[in-house]
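One-letter residues, chain by chain:
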Amino acid sequence: LDTDMSAQFAESMSEELGMPFKVAESAQELCGESDIIFTQTTGSSTVLEKDWLKESGVTIIASGSDQPTKQEIPNDVLKASKYIADLVKQTSKVGELRGPLQAGVMTEDDVYAELGEIVNGDKPGREGNEIIVVDLTGTGAQDAAIGQVAWDKLSVL
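Not measured: the values here are computed from a predicted model.

Rules and cut-offs
- Residues numbered from 1 in each chain as written.
- Predicted model: local features only at pLDDT ≥ 70, side-chain atom pairs only at ≥ 80, totals over all residues.
- Heavy atoms only, no water.
- Helix = DSSP H or I, 4+ residues; strand = E, 2+ residues; numbered from the N terminus.
- Buried < 20%, exposed > 50% of the residue type's maximum accessible area, 1.4 Å probe, protein only.
- Lys, Arg positive; Asp, Glu negative; His and termini not counted.
- Salt bridge = Lys/Arg side-chain N within 4 Å of Asp/Glu carboxyl O.
- Contact = heavy atoms within 4.5 Å.
- pLDDT = per-residue confidence, 0-100.
- Phe/Tyr/Trp six-rings, centres within 6.5 Å; stacked < 30°, edge-to-face > 60°.
- Lys NZ or Arg CZ within 6 Å of the ring centre and 35° of its normal.
- Polar contact = N/O pair within 3.5 Å; in protein donor to acceptor, adjacent residues only side chain to side chain.
- 1 Å grid on protein atoms, 1.4 Å probe; cavity = no way out; pocket = protein on both sides within 12 Å on 5 of 7 lines; lining within 4 Å.
- Points joined across faces, edges and corners; volume = space filled by probe spheres on them.
- Nonpolar A, V, L, I, M, F, W, Y, C, P; charged D, E, K, R; others polar.
- Patch = residues over 30% accessible without salt bridge, like charges linked within 9 Å, V, L, I, M, F, W, Y side chains within 5 Å.
- Areas by Shrake-Rupley, 256 points an atom, 1.4 Å probe, with all protein chains shown as cover.
- Pairing = 2+ DSSP bridges.

For the rest of this paragraph, the subject is the side chain of Arg98. Take Arg98: it is sitting in helix H5 (residues 98-103). One buried charged residue, Arg98, forms no salt bridge at all, with the nearest opposite charge on Glu96 at 6.8 Å. Not counting residues within four places of it along the chain, the set of residues in contact with Arg98 comprises Gln67, Pro68, Thr69, Lys70, Gln71, Thr91, Ser92 and Lys93.

Here you go:
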């Protein structure tokens with residue numbers, strides 16, 4: 001962890017967005033303090049644990065580089081969550097849903113909704129102290145746009 005660069009980024013984001021940002025010393029510390037967790041990795045190792053999450057509920061937005069070997073979120077977190085996919089057909093092949101399907105701990109029937117159902121108001125979003133996982137496999141254009149914004153923010157530090 002580059003503490004100086006991290007502190008500069010947190011300060012810059014606090015000023016730009018008008019809300020507090022702070023640097024966490026570990027993923028566990030971050031998860032224990034966060035209402036929203038955004039994962040964006042290419043890794044095949046999970047980046048958090050269920051017992052790290054706030055009991056008052058958390059929303060996890062998983063949008064890393066999706067491929068058949070990637071899994072950022074552990075199966076027990078996915079199983080315990082209100083799981084929302086952008087597209088079930090896609091998340092079951094290259095998203096977070098692939099892992100628990102292959103392990104036999106979830107089926108496609110365990111998917112609470114596709115994102116459009118929440119956005120359209122067909123199904124409610126948060127309904128209390130729950131874990132919500134939003135699995136965004138996205139499109140190349142979406143990923144490129146997100147990557148460009150991140151690059152632009154980081155390159156000025």
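Read on, since the account is not over.
So, about the confidence of the model for the protein. For the protein, the average pLDDT comes to 89, and 94% of its residues sit at 70 or higher. Per-element averaging of pLDDT across the protein places helix H7 (residues 140-155) at the bottom with 70 and helix H3 (residues 75-80) at the top with 97.

Going through the model one piece at a time under the given rule, you end up with 0 aromatic pairs. If you follow Lys82 out to its NZ or CZ, it ends over the ring of Tyr112, 4.5 Å from the centre. Between Lys123 and the ring centre of Tyr112, over which it is positioned, the NZ or CZ distance is 5.2 Å.

Examined against the element boundaries, Thr91 turns out to sit in helix H4 (residues 88-94). With residues near it in sequence (within four places) discarded, Thr91 still touches Tyr83, Ala85, Asp86, Glu96, Leu97, Arg98, Asp135 and Thr137.

So, about the environment of Ser63. With respect to the helices, strands and loops of the structure, Ser63 is situated in the loop between strand E2 (58-62) and H3. Since its relative accessible area comes to 6%, Ser63 is described here as buried. Taking the C-alpha atoms as reference points, Ser63 and Gly147, separated by 84 residues in sequence, lie 11 Å from one another. Polar side-chain contacts of Ser63 include one of 2.7 Å to the side chain of Gln40.

What follows is about the pattern of salt bridges. Side chains bearing opposite charge may pair, as long as their charged atoms lie close to each other. Applying the stated criterion across every chain yields a total of 8 salt bridges. Its salt-bridge partner being Glu29, residue Lys22 comes within 3.4 Å of it at the nearest N-O pair. The class for Lys22 is exposed, based on a relative accessible area of 53%. On the basis of relative accessible area, Glu29 is assigned to the partly exposed category, the value being 25%. Salt bridges sharing partners connect three or more residues here, namely Lys22, Glu29 and Glu33.

Take the layout of surface pockets next. Over the atoms rolls a probe the size of a water molecule, and its path tells where empty space is left. One number sums up the size of the largest pocket: a volume of about 1,600 Å³. At the level of elements, helix H1 (3-17), helix H2 (27-33), strand E1 (36-39) and H7 are the ones that each hand at least two residues to the lining of the largest pocket. Grouping the constituent residues of the lining of the largest pocket by class yields 23 nonpolar, 7 polar and 5 charged.

This next bit is on a nonpolar patch on the surface. On the surface, Met5, Leu154, Val156 and Leu157 cluster together into a nonpolar patch covering about 350 Å² of accessible area. With respect to the helices, strands and loops of the structure, Met5 is situated in helix H1. Take Met5: its relative accessible area is 40%, and that puts it in the partly exposed class.

The next subject is the pairing of E2. Among the 5 residues that make up E2, 4 are buried, leaving the element largely enclosed by the rest of the structure. Sheet analysis places E2 next to strand E5 (residues 131-135), joined by 5 bridges and oriented parallel. When the bridges of E5 are listed, Ala62 appears paired with Asp135.

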